[in-house]
Amino acid sequence: MAVTGPWRRAASGAGLLASDGSISATIFAEMSALAVRTGAINLGQGFPDEDGPMEVLEAARGAIADGTNQYPPGLGLPMLRQAIATHQERFYGIRLDADREVLVTAGATEALAATILALVDDGDEVVTFEPFYDSYGAMISLARGIHRTVPLHAPDFQPDLDQLRDTVTDRTRLILVNSPHNPTGAVLPRETLELIVELAHRHNAIIVTDEVYEHLTFEVAHLPIAALPGARERTISVSSGGKTFNTTGWKIGWLSGPADYVTAILAVKQFLTFVNGAPFQPAIAIGLGLPDSFFRRAAADLEAKRDVLSLGLAAAGFTVSRPLGGYFLVADATPLGYSDGSELCRRLPELAGVVAVPISAFVHEHRRADYSSLLRFAYCKKVDVLERAAARLAELQH
């Protein structure tokens, strides 16, 4: 299949374009297929292996039985839009007009895609941190934007603030922020978030935040940029129910922000999926209204899983990061004698019966050497699965 124009650029940026011009699988699809073929434990893809809260699941079943099976409104069901607005005020003190400032999407990925396509014109610059979630580069390229990045530095994966200042210029249209961060699990501190707001004002840029792991932070509380002084009027906040409620397959996401931005994004979104997930929308609304104890328990359970896998990887000889949120941790294979994370990931099912993903899959080609020995492992799995993976990885020492 030949790929030309912006589609070629987008495919290449997302790692989909093979050297002969054909479409090839992403590293994520490749690693998952390798797990199936070898019977290895798949810690490469970030999806839970346990269902979410029964209240949410039962609400979806009830909605299907009650006939909520046709197209919902373009903005999303009013029940969910109001639940999102209530959630933002409850947790962060952000007041939203549910009828004008909230849009339900097919997961956070569609929210980000529609936002970038709506707000970025040919030649506009979009700044992200690097490593970055793979769809960012693809969508910036499809919008004919220019992708500028600020590297995150190990071991805590924080940016150099002077590099951030130098990267955001008057050519910057969007500053795209992902915190808690995929793939590193870093959480940006208030100082960095405040600088982003300052730079957005100075250069008349729009802030877009990817906050899908907002309720899954450890030791620190999530601070949304939109809650900071001066940020609300120029910030699009993106999140979803998939990670919080273990319903990644439902693909119910949303964005919120100033009404003019939401209207512009809706103009694009309606030609992507149009609408989606009618019976799942009231179910996620129920989830957003669960008591604080649910959200605390979800984070605590995930933190415990992080620690199980961290100890196992350290025992295997990796140098292991300490993520403060999300589904993933980063392990450096250098102490084990491996400098090429991609090569190790392809050999790991044979060596230890475990699948991971190289961090180099999340960076531009010219920066791959800086992250070449790093692997991403997902710990959003059952404890017994993580324990078995840790035991298998220990064999690397023998």
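So, how was this worked out
- Residues numbered from 1 in each chain as written.
- Predicted model: local features only at pLDDT ≥ 70, side-chain atom pairs only at ≥ 80, totals over all residues.
- Heavy atoms only, no water.
- Helix = DSSP H or I, 4+ residues; strand = E, 2+ residues; numbered from the N terminus.
- Rg over C-alpha atoms; globule rule 2.2 N^0.38 Å.
- Buried < 20%, exposed > 50% of the residue type's maximum accessible area, 1.4 Å probe, protein only.
- Areas by Shrake-Rupley, 256 points an atom, 1.4 Å probe, with all protein chains shown as cover.
- Lys, Arg positive; Asp, Glu negative; His and termini not counted.
- Charge placed at Lys NZ, Arg CZ, Asp CG, Glu CD.
- Pairing = 2+ DSSP bridges.
- Contact = heavy atoms within 4.5 Å.
- Axes fitted to C-alpha atoms, helices over the stretch in contact; angles between N-to-C directions.
- 1 Å grid on protein atoms, 1.4 Å probe; cavity = no way out; pocket = protein on both sides within 12 Å on 5 of 7 lines; lining within 4 Å.
- Points joined across faces, edges and corners; volume = space filled by probe spheres on them.
- Nonpolar A, V, L, I, M, F, W, Y, C, P; charged D, E, K, R; others polar.

### Focus on the overall build of the chain
Here comes step 1: Looking only at helices and strands, the chain has 13 helices and 14 strands in total.
Here comes step 2: Computed over its C-alpha atoms, the radius of gyration of the chain comes to 20 Å, within 12% of the 21 Å expected for a compact globule of 398 residues.
Here comes step 3: With the C-alpha coordinates of the chain rotated into their principal frame, the extents come out at 60 × 50 × 45 Å.
Here comes step 4: Looking at the 398 residues of the chain, the share that counts as buried comes to 58%.
Here comes step 5: In the structure as shown, the chain presents an accessible area of about 16,300 Å², 51% of it carried by carbon and sulfur atoms.
Here comes step 6: Separation of charge centres in the chain, based on 34 positive and 46 negative side chains, amounts to 2 Å.

### Here we look at the sheet that holds strand β9 (residues 252-256)
Here comes step 1: Taking strand neighbours across the sheet as the criterion, the 8 strands line up as β2-β9-β8-β7-β6-β3-β4-β5 in an open arrangement whose pairing is mixed. Strands with a single pairing partner mark the edges of an open sheet, and in this sheet they are β2 (102-106) and β5 (158-159).
Here comes step 2: Sheet topology note: the strand β3 (residues 125-130)/strand β4 (residues 146-153) ladder contains 6 bridges and is parallel. Looking at the pairing, Glu-130 lines up with Pro-151 of β4.

### Observations regarding the sheet that holds strand β11 (residues 328-332)
Here comes step 1: Within the open sheet, the 4 strands sit side by side as β10-β11-β14-β13. Their pairing is antiparallel. Looking at which strands have only one partner, the edges of the open sheet turn out to be β10 (319-320) and β13 (357-358).
Here comes step 2: Strand direction decides the pairing type here: β11 and strand β14 (residues 374-378), joined by 5 bridges, are antiparallel. Looking at the pairing, Ala-331 lines up with Leu-375 of β14.
Here comes step 3: Across the sheet, helix α11 (residues 292-316) lies against β10, β11 and β14, angled at about 10° from β11, the strand it touches most.
Here comes step 4: Here helix α12 (residues 341-352) sits on the sheet in contact with β13 and β14, set at roughly 45° to β14.

### Comments concerning empty space enclosed by the protein
Here comes step 1: Applying the stated criterion to the full structure yields 4 cavities of 30 Å³ or more.
Here comes step 2: Lining the largest cavity we find Val-177, Ser-179, Val-187, Leu-188, Leu-193, Thr-209, Glu-211, His-222, Leu-223, Pro-224 and Ile-225.
Here comes step 3: Here the lining of the largest cavity is composed, by residue class, of 7 nonpolar, 3 polar and 1 charged.

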